[in-house]
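Residue-level structure breakdown
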Amino acid sequence: MKGLRPRRGLAFAGCAFLAIALGGCVPLSTQPSPHSAPAADPARAAGRKTFDKWCGDCHGTPSGPGSLAIQRKYRGALPAVLEQRSDLRPEYVKLVVRHGISFMPSFRKTEISDADLALVAAYLAPSQ
Ligand code: HEC
C-alpha cells in the first residue's frame with residue numbers, strides 16, 4: 001500500500017498539469033487579440049476623421065459628386081463609394097490627393113499633412 005501512494009500522487013499531479021495546460025492555454029490562444037479590433041484602432045479612427053473632414057462631401061455617400069464621377073468612370077464595375085473599395089493602394093490615394101483628378105482638387109500639405117494623408121491612405125486601403 002505504501003508503495004502506491006507516491007505514484008498515485010504523481011499521476012494526479014500530471015493530470016492537474018495537463019488540465020491547466022489544455023484548459024488554461026488552448027482556449028486563450030484562440031481568442032482574438034483585443035488590439036486587432038477595428039473599433040479600437042486609433043490610426044484608423046484618425047484616418048476616418050480626416051476623410052470625413054476633407055473627402056466626405058464628395059465621397060462620403062453614393063450621391064456625392066465624387067461617388068457619382070467614380071460610378072460613371074467604372075460603370076458600376078467598382079463600388080462608387082471609396083470606403084467600399086478593396087483595390088485602392090495607398091500610393092495611388094496619395095498621388096490623387098496631392099495632384100487632383102478631373103474636378104477633384106489637389107490638397108496641399110498645409111491642408112492635409114503627410115502624416116494625415118498616410119492615415120487617410122491606410123484607412124482607404126487597409127489591406128495593402
Ligand atoms: C470636390 C469633390 C471631391 C473632393 C473634396 C475629393 N474628391 Fe476624390 N474624387 C473626386 C472626383 C470627381 C473623382 C473622380 C475623378 C475621375 O473621374 O477620375 C475623385 C477621385 C478620387 C480617387 C480616385 C478613384 C479612382 O478609382 O481612380 C481617389 C483615390 C480619391 N478621389 C480620393 C479622395 C480623397 C482621399 C479625398 C480627401 C482628401 C478626396 N478624394 C476629396 C472628387 C472629390
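Note that the coordinates shown come from a computational prediction; the quantities given were computed from them, not determined experimentally.

Take the site of the ligand next. Around the ligand, the structure places 23 residues, and the nearest of them are C55, C58, G66, A69 and M104. Those elements that place two or more of their residues in the shell around the ligand are α3 (56-59), α4 (65-74) and α5 (90-99). A per-class count over the shell around the ligand returns 18 nonpolar, 3 polar and 2 charged.

So, on to α4. Burial in α4 covers these residues: G66, S67 and I70. On an axial view of α4, the arc spanned by its buried residues comes to 95 degrees, and they lie on one face. For α4, the exposed residues lying more than 90 degrees away from the buried face are P65 and R72. Buried positions along α4 lie against α3. Just downstream of α4, R75 is the residue with a positive phi angle, here 50 degrees.

Before going further, it helps to examine the nonpolar core. If you look at the biggest cluster of nonpolar residues, it comprises 13 residues, and the most contacted ones within it are V93, L117, V120, A121, Y123 and L124. Counting only elements with at least two residues in this core, the list comes to α5 and α6 (114-124). In terms of residues, this core owes the most to one element, α6, which gives 6 residues.

A few words now on the environment of S106. Secondary-structure assignment places S106 in the loop between α5 and α6. In this structure the C-alpha to C-alpha distance between S106 and L95, which are 11 residues apart in sequence, comes to 9.2 Å.

Here we come to the confidence of the model for the protein. Taken as a whole, the protein shows an average pLDDT of 81; of its residues, 67% reach a score of 70 or greater. Considering only residues more than four positions removed or in separate chains, one finds that residues 14-37, a stretch of pLDDT under 50, has 2 contacts.

Before going further, it helps to examine the packing of α5 against α6. In contact at an axis separation of 8 Å, α5 and α6 are set at 130 degrees when each is read in the N-to-C sense. If you check the angle between α5 and α6, you find them oblique. The two elements α5 and α6 meet at a crossing, and its hand is right-handed. Where α5 abuts α6, its residues P90, V93, K94 and V97 lie against L117, V120, A121, A122 and L124. Across the contact of α5 with α6, the residue classes break down as 8 nonpolar, no polar and 1 charged.

Definitions and limits used
- Residues numbered from 1 in each chain as written.
- Predicted model: local features only at pLDDT ≥ 70, side-chain atom pairs only at ≥ 80, totals over all residues.
- Near = placed C-beta within 6 Å.
- Helix = DSSP H or I, 4+ residues; strand = E, 2+ residues; numbered from the N terminus.
- Nonpolar A, V, L, I, M, F, W, Y, C, P; charged D, E, K, R; others polar.
- Buried ≥ 20, exposed ≤ 12 C-beta atoms within 10 Å, placed from the backbone.
- Arc of directions from axis to C-beta.
- Contact = placed C-beta atoms within 7 Å.
- Core = buried A, V, L, I, M, F, W, Y, C linked by C-beta atoms within 7 Å.
- pLDDT = per-residue confidence, 0-100.
- Axes fitted to C-alpha atoms, helices over the stretch in contact; angles between N-to-C directions.
- Parallel < 35°, antiparallel > 145°, perpendicular 65-115°, else oblique.
- Left-handed = near helix turned anticlockwise from the far one by under 90°.

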